[in-house]
Amino acid sequence: LLIFIILSFRRNRIQIEKAACTDPLTGGMNQTAFQLEYNRLAVHMLPKTYTVVMLNVKDFKFVNERFGIEAGNDALKYIYQVLQRHIRGNETAARGEADHFFLCLRESRQESIQTRLNDMLADIYIYSDKCFGDSRYRLKLTQGACIIDEPGMNVTRLQDRARTACQRAGSEEKCVFYTADLTKKMKWEQ
């Protein structure tokens, strides 16, 4: 009986941990798993060797309204699959919430980051052409990034900085990089 209880406890614990770290839509990493993985990577991370990136599907509500929720869910699953294909060793990607995705890339030069993001977006845009066909609708993703100066900084702050940069992204498909001036400008505007 004691062995049965111990085995049941272990099995249940593993299932609970998996549920807590898995995005129910994509079946991949969720926000919690991303933060845990970042903390694991940060232990060996040198300053200015990694970047946290946020990708936001622009006007995603339109996809759900125009093409249906199932089509919207399929698009989010596809985006996650593309990101996973482009991730290298000691990097990670996750769906944060709704139509937001987070990446932790082993890159620190803005040009290299933009090149990698352009490759990812090119793959994502293939989906638009294939699945939205005659409607001429194309997914658009805004991009914000925070180059990690202090690996020991709380990952939530790094994600907030990438989110701040992403919010400043205009219609151009270029990544906006976080600087302290962005926060000052936002505070002044508010």
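Residues numbered from 1 in each chain as written. Predicted model: local features only at pLDDT ≥ 70, side-chain atom pairs only at ≥ 80, totals over all residues. Heavy atoms only, no water.

With that settled, consider the pairing of strand E2 (residues 92-97). With respect to burial, E2 is a largely interior element, five of its six residues being buried. Adjacent in sequence and paired antiparallel, E2 and strand E3 (residues 100-105) are bridged by two residues, among which Ala98 carries a positive phi angle near 45°. (Buried < 20%, exposed > 50% of the residue type's maximum accessible area, 1.4 Å probe, protein only. Helix = DSSP H or I, 4+ residues; strand = E, 2+ residues; numbered from the N terminus. Pairing = 2+ DSSP bridges.)

Of all hydrophobic cores here, the largest spans 31 residues; its most connected members are Leu103 and Leu139. Of all the secondary structure elements, the ones that give two or more residues to this core are strand E1 (51-57), helix H3 (60-67), helix H4 (69-86), E3, helix H5 (110-131) and strand E4 (141-147). If we skip the residues at most four places from it in the chain, Leu103 touches Phe34, Thr51, Val52, Val53, Leu55, Leu83, Ile87, Thr92, Ala93, Leu117 and Met120. (Core = buried A, V, L, I, M, F, W, Y, C linked by side-chain atoms within 4.5 Å. Contact = heavy atoms within 4.5 Å.)

Turning our eyes to something else, we now look at the side chain of Thr51. Tracing the sequence through the fold places Thr51 in strand E1. Judged by its relative accessible area of 0%, Thr51 is buried. A distance of 2.6 Å separates a polar atom in the side chain of Thr51 from the backbone oxygen of Glu107. Apart from residues no more than four positions distant in its own chain, Thr51 is found in contact with Leu103, Cys104, Leu105, Glu107, Ser108, Ile113, Ala145, Cys146, Ile147 and Ile148. (Polar contact = N/O pair within 3.5 Å; in protein donor to acceptor, adjacent residues only side chain to side chain.)

The subject of this paragraph is the environment of Cys146. Tracing the sequence through the fold places Cys146 in strand E4. When the C-alpha atoms of Cys146 and Tyr78 are compared, they prove to be 25 Å apart, with 68 residues separating the residues in sequence. Filtering out sequence-adjacent residues up to four positions away, Cys146 remains in contact with Thr51, Val52, Leu158, Arg161, Ala162 and Tyr178.

On to the pattern of salt bridges, then. A side chain of one charge can pair with a side chain of the opposite charge if their charged atoms are brought near each other. A complete count under the given rule lists nine salt bridges for this structure. With its nearest N and O atoms 2.7 Å apart, the salt bridge here joins Arg116 to Glu91. Of the two residues, Arg116 sits in helix H5 while Glu91 sits in the loop between H4 and E2, which places them 25 residues apart along the sequence. Assigned by exposure class, Arg116 and Glu91 land together as buried. One salt bridge in this structure joins Asp160 and Arg163, with 3.1 Å as the shortest N-O distance. One end of the pair, Asp160, and the other, Arg163, are both in helix H6 (residues 155-167), three residues apart, so they sit about a helical turn from each other. Several salt bridges converge on common partners, so that one network encompasses Arg88, Glu91, Glu107 and Arg116. (Salt bridge = Lys/Arg side-chain N within 4 Å of Asp/Glu carboxyl O.)

With that out of the way, let us pick up the packing of helix H2 (residues 31-42) against H6. Contact geometry for H2 and H6: axes closest at 10 Å, N-to-C directions at 115°. In terms of axis orientation, H2 runs roughly perpendicular to H6. Helix-helix and strand crossings are classified by hand; for H2 and H6 the assignment is right-handed. Contacts between H2 and H6 pair Gln31, Phe34, Gln35, Tyr38 and Asn39 from the former with Val155, Thr156, Leu158 and Gln159 from the latter. In the contact of H2 with H6, the residues fall into four nonpolar, five polar and no charged. (Axes fitted to C-alpha atoms, helices over the stretch in contact; angles between N-to-C directions. Parallel < 35°, antiparallel > 145°, perpendicular 65-115°, else oblique. Left-handed = near helix turned anticlockwise from the far one by under 90°. Nonpolar A, V, L, I, M, F, W, Y, C, P; charged D, E, K, R; others polar.)

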